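# Coordinate analysis (summary)
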Amino acid sequence: MGLVCPYSLDVPGGVQNHVRDLAEALLVRGVEVLVLAPSESDSLPAHVTSAGRAVPVPYNGSIARVSFGPVTLGRARRWLREGRFDVLHVHEPATPSLSLLALASWEGPSVATFHTAMERSRAMSAAAGILRPTLDRLSAGIAVSEQARRRVGRHGSDAVVIPNGLFVDRFAAAPPLRLSRPQVCFLGRYDEPRKGLPVLLAALPRMLRNCPGLEVVVVGAGDEAAVRSGIGDACQRALHFVGPVDDPTRASLLAGSDAYVAPHTGGESFGIVLVEAMAAGAPVVAADLPAFRAVLERDRWGSSFRSGDPADLAHVLLATLSDPAATRRAGEAARAVRAYDWSVVAERVRRVYDAVTGLRGAADVEW
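In short, a report on the structure. (Residues numbered from 1 in each chain as written. Predicted model: local features only at pLDDT ≥ 70, side-chain atom pairs only at ≥ 80, totals over all residues. Heavy atoms only, no water.)

## Observations regarding the pattern of salt bridges
- Within the structure shown, the criterion is met by 19 salt bridges.
- As a salt-bridge pair, Glu107 and Arg137 come within 3.5 Å of each other at their nearest N and O atoms. On the criterion of sequence distance, the pair formed by Glu107 in the loop between α3 (98-104) and β7 (110-114) and Arg137 in the loop between α5 (128-135) and β8 (140-143) is long-range, its members being 30 residues apart.
- Look at Glu107 and you get exposed, because its relative accessible area is 71%.
- By relative accessible area, Arg137 is classed as partly exposed at 34%.
- Between Lys195 and Glu268 there is a salt bridge, with its nearest N and O atoms 3.4 Å apart. Here the residue Lys195 occupies a position in the loop between β10 (183-187) and α8 (197-210), and Glu268 occupies one in the loop between β13 (259-262) and α12 (272-280), the gap between them amounting to 73 residues. Each member of the pair, Lys195 as well as Glu268, is classed as buried.
- Within this structure, Arg20, Asp21, Asp247, Arg250 and Glu276 form a network of salt bridges that share partners. (Salt bridge = Lys/Arg side-chain N within 4 Å of Asp/Glu carboxyl O. Helix = DSSP H or I, 4+ residues; strand = E, 2+ residues; numbered from the N terminus. Buried < 20%, exposed > 50% of the residue type's maximum accessible area, 1.4 Å probe, protein only.)

Here's what the structure looks like:
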């Protein structure tokens with residue numbers, strides 16, 4: 001198997017984590033896997049090859065670090081030639097990136113996973129000349145959600161929906177790390193407006209009036225000084241910035257929280273952070289984005305508020321913190337997310353590989 005990640009492994013991100021974990025899950029199952037991705041690190045795993053440095057490009061309301069151009073193309077072709085893969089699996093090939101170059105250079109069975117549900121982008125428009133014929137080469141497509149699948153359809157392709165995966169036990173068994181009580185957790189690069197920290201900050205004064213001891217633990221990268229400069233003293237005291245953390249620490253912070261809040265304003269196609277929180281046993285309060293509503297099964301496993309509405313966020317979050325049933329529902333949600341465990345998800349992905357190589361009939365893939 002050849003897996004291609006378009007985004008730099010030097011920075012955290014959902015697609016990078018997905019490729020890393022999928023490779024691990026497949027290796028455990030005896031599949032020989034090699035990964036190609038942009039990186040400047042000197043300590044990559046043995047099965048990962050660097051495609052070189054990446055450059056920052058605005059994409060989907062964020063900054064994506066990608067590699068593109070003749071040097072990257074040459075490295076991709078050499079990796080493909082030396083790998084002699086049975087199947088090539090690229091991620092996010094609908095942008096000018098390493099994935100697109102690798103797919104355009106490949107002649108054998110190929111699979112692509114589409115992660116985003118963005119409607120349009122300048123990057124996609126710029127690559128229109130090679131995008132459509134390259135995607136037409138795909139043997140099969142995977143979308144992480146129905147929202148992402150609809151986006152794939154606009155490129156004349158179809159895809160089977162297979163969600164993002166998670167090593168659920170690593171979150172379920174995490175020892176709780178409590179920094180305050182009550183503790184609310186926010187995860188994400190908080191210098192990206194679409195992650196919604198400004199919405200949470202606007203809701204904070206009302207929450208503190210009703211719950212004076214509340215503390216918000218902010219996990220992720222961003223400019224803490226810039227955030228603090230725009231809020232009052234009471235709100236400043238309620239914020240606890242811990243910066244970027246490793247997976248075990250993130251799991252423990254979620255396990256020790258009385259609620260996880262996802263105030264995102266858009267650009268989400270799945271919601272793996274919600275699954276992480278559910279696996280760790282944290283009650284979830286999330287913006288009513290379609291992707292989040294799908295993960296929560298329309299409020300069965302958590303509570304939704306109107307996206308971008310600080311007053312509604314405060315109302316729903318306070319109700320969750322004061323509701324004894326929220327803990328019971330969080331326990332039920334923790335059992336429900338077993339469907340997202342890599343033991344399940346990787347097997348579904350492997351069925352797609354078998355279908356495109358003729359080892360399994362297409363009818364077994366649940367298209």
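Here the narrative resumes, following the displayed structure.
## Digging into the packing of aromatic side chains
- Taken as a whole and judged by the stated rule, the model has 5 aromatic pairs.
- Centre to centre, the rings of Trp79 and Phe85 are 4.6 Å apart; their planes meet at 45 degrees, and the pair counts as tilted.
- For Phe85, a relative accessible area of 10% corresponds to the buried category.
- On the numbers, 5.6 Å between centres and 70 degrees between planes, the contact of Phe270 with Tyr340 is edge-to-face. (Phe/Tyr/Trp six-rings, centres within 6.5 Å; stacked < 30°, edge-to-face > 60°.)

## Here we look at helix α1 (residues 14-28)
- Taking 1.5 Å as the rise per residue, α1 with 15 residues should run 21 Å; its terminal C-alpha atoms sit 21 Å apart, in good agreement.
- Those residues of α1 not exposed but buried are Val15, Gln16, His18, Val19, Asp21, Leu22, Ala23, Ala25 and Leu26.
- Of the surrounding secondary structure, the elements contacted by the buried residues of α1 are β1 (2-4), β2 (34-37), β6 (88-91) and α16 (342-357).
- Two residues or fewer past α1, Gly30 is found with a positive phi of approximately 85 degrees. (Expected span 1.5 Å × (residues − 1). Contact = heavy atoms within 4.5 Å.)

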